[in-house]
Amino acid sequence: MNREQLQLYFIMGSQNTGQRDPLVVLEEALRGGITIFQLREKGADSLTGQDKIQFAKACQALCKKYHVPFIINDDVDLAIALDADGVHVGQEDASANVIRGKIGPKKILGVSTHSLVEVTAAIEDGADYVGIGPIYATTSKSDAKPPAGTALIVQTTTVYPDLPLVGIGGITIDNCQTVIRSGADGISLISAIAAHEEPFVATRQILHVLQQQTKIL
Ligand SMILES: Nc1nc(C(F)(F)F)ncc1COP(=O)(O)OP(=O)(O)O
Ligand SMILES: [Mg+2]
């Protein structure tokens, strides 16, 4: 896993873009410079069945056009069927070591973690990166745990300095520098781009802030 690829990790499903065409939003974010994309088609208004598969294929085609890794959240079978670049799973999803066995060694495997014990287990299960959060309060995940701040990022980078990690949860242009300063390789976000009236502009502005922070480090 190339740590720089985690710099600006956009996560989105059709349920996150309001009245906007999600494929238009995704292409604006790709043009704006997101470095990795995760399709997280989940929740009350999300697509299912053939609609979900067709939508996933269209997202994958856009990511290929912009040479950005295409990750699928939760749905390992869909990721394998589409030959996605990787999968992201949480603690309640299938166990990461079983998934690593299913997707093989070359695909990207991301795991959500909320403690050093879960980080250690994710490493042992073959995770390429971990998501740590929610850092701040989030409206994008209905069953999110309480916001935990950046303490686990600091702790994880101390114990596992070579582990690629990304912060998630309520991250915006105003707090993303704090997340990077705490040691994360990147930030992942949904609403700050997907719910913005100009996703291209939002992406460019966040990327500029991230690039400034990297220079200071
Ligand atoms: N989807 C995610 N992506 C990341 C990433 F690291 F990629 F930023 N971190 C955390 C999550 C949350 O994953 P999970 O705990 O399974 O909940 P859900 O399936 O509702 O997303
Ligand atoms: Mg999950």
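Residues numbered from 1 in each chain as written. Chains lettered and ligands numbered in written order. Predicted model: local features only at pLDDT ≥ 70, side-chain atom pairs only at ≥ 80, totals over all residues. Heavy atoms only, no water.

### Brief notes about the sheet that holds strand S2 (residues 36-39)
So, point 1. Strand order in the closed barrel made by the eight strands is S1-S2-S3-S4-S5-S6-S7-S8, with parallel pairing throughout. Each strand of the sheet is rotated relative to its neighbour by a mean of 25°, with strand direction disregarded.
So, point 2. Relative to strand S4 (residues 86-89), strand S3 (residues 70-73) is paired through three bridges, and the arrangement is parallel. Residue Ile71 lies in a different strand from S4, and its bridge partner there is Gly86.
So, point 3. Against the sheet, helix H1 (residues 22-32) makes contact with strand S1 (8-12) and S2, and its axis sits at roughly 180° relative to S1, the strand it touches most.
So, point 4. With respect to the sheet, helix H6 (residues 151-159) is in contact with strand S5 (108-113), strand S6 (129-132) and strand S7 (165-168), its orientation differing from that of S7 by roughly 175°. (Pairing = 2+ DSSP bridges. Helix = DSSP H or I, 4+ residues; strand = E, 2+ residues; numbered from the N terminus. Axes fitted to C-alpha atoms, helices over the stretch in contact; angles between N-to-C directions. Contact = heavy atoms within 4.5 Å.)

### Here's the deal with the pattern of salt bridges
Oppositely charged side chains are able to pair whenever their charged atoms sit close together.
So, point 1. Enumeration according to the criterion identifies nine salt bridges in this entry.
So, point 2. Its salt-bridge partner being Glu28, residue Arg20 comes within 2.8 Å of it at the nearest N-O pair.
So, point 3. Given a relative accessible area of 29%, Arg20 falls into the partly exposed group.
So, point 4. The class of Glu28 is buried, set by a relative accessible area of 16%.
So, point 5. Here Asp128 ties to Arg100 by a salt bridge, and the two come within 2.5 Å at their closest N and O atoms. Taken together, the residues Asp128 in the loop between helix H5 (116-124) and S6 and Arg100 in helix H4 (residues 96-103) connect sequence positions 28 residues apart.
So, point 6. By relative accessible area, which is 14% here, Arg100 ends up buried. (Salt bridge = Lys/Arg side-chain N within 4 Å of Asp/Glu carboxyl O. Buried < 20%, exposed > 50% of the residue type's maximum accessible area, 1.4 Å probe, protein only.)

### Topic: the coordination of the magnesium ion (ligand 2)
So, point 1. On the protein side, the magnesium ion (ligand 2) has Asp74 (OD) and Asp93 (OD) as donor atoms, found 2.0 to 2.3 Å from it. Within this pair, whereas Asp74 is found in the loop between S3 and helix H3 (76-82), its partner Asp93 is found in the loop between S4 and H4, the two being separated by 19 residues in sequence.
So, point 2. Classification of Asp93 as partly exposed rests on a relative accessible area of 27%. (Donors = N, O, S within 2.8 Å, 3.2 Å for Na, K, Ca; no water.)

### Considerations on the packing of aromatic side chains
So, point 1. Within the structure shown, the criterion is met by three aromatic pairs.
So, point 2. Ring geometry for Tyr9 versus Tyr129: centroids 5.8 Å apart, planes at 70°, classification edge-to-face. One end of the pair, Tyr9, is in strand S1; the other, Tyr129, is in strand S6, with 120 residues separating them in the sequence.
So, point 3. For Tyr129, a relative accessible area of 0% corresponds to the buried category.
So, point 4. For the ring pair Phe37 and Phe70, a centre distance of 6.3 Å and an interplane angle of 20° mean the geometry is stacked. (Phe/Tyr/Trp six-rings, centres within 6.5 Å; stacked < 30°, edge-to-face > 60°.)

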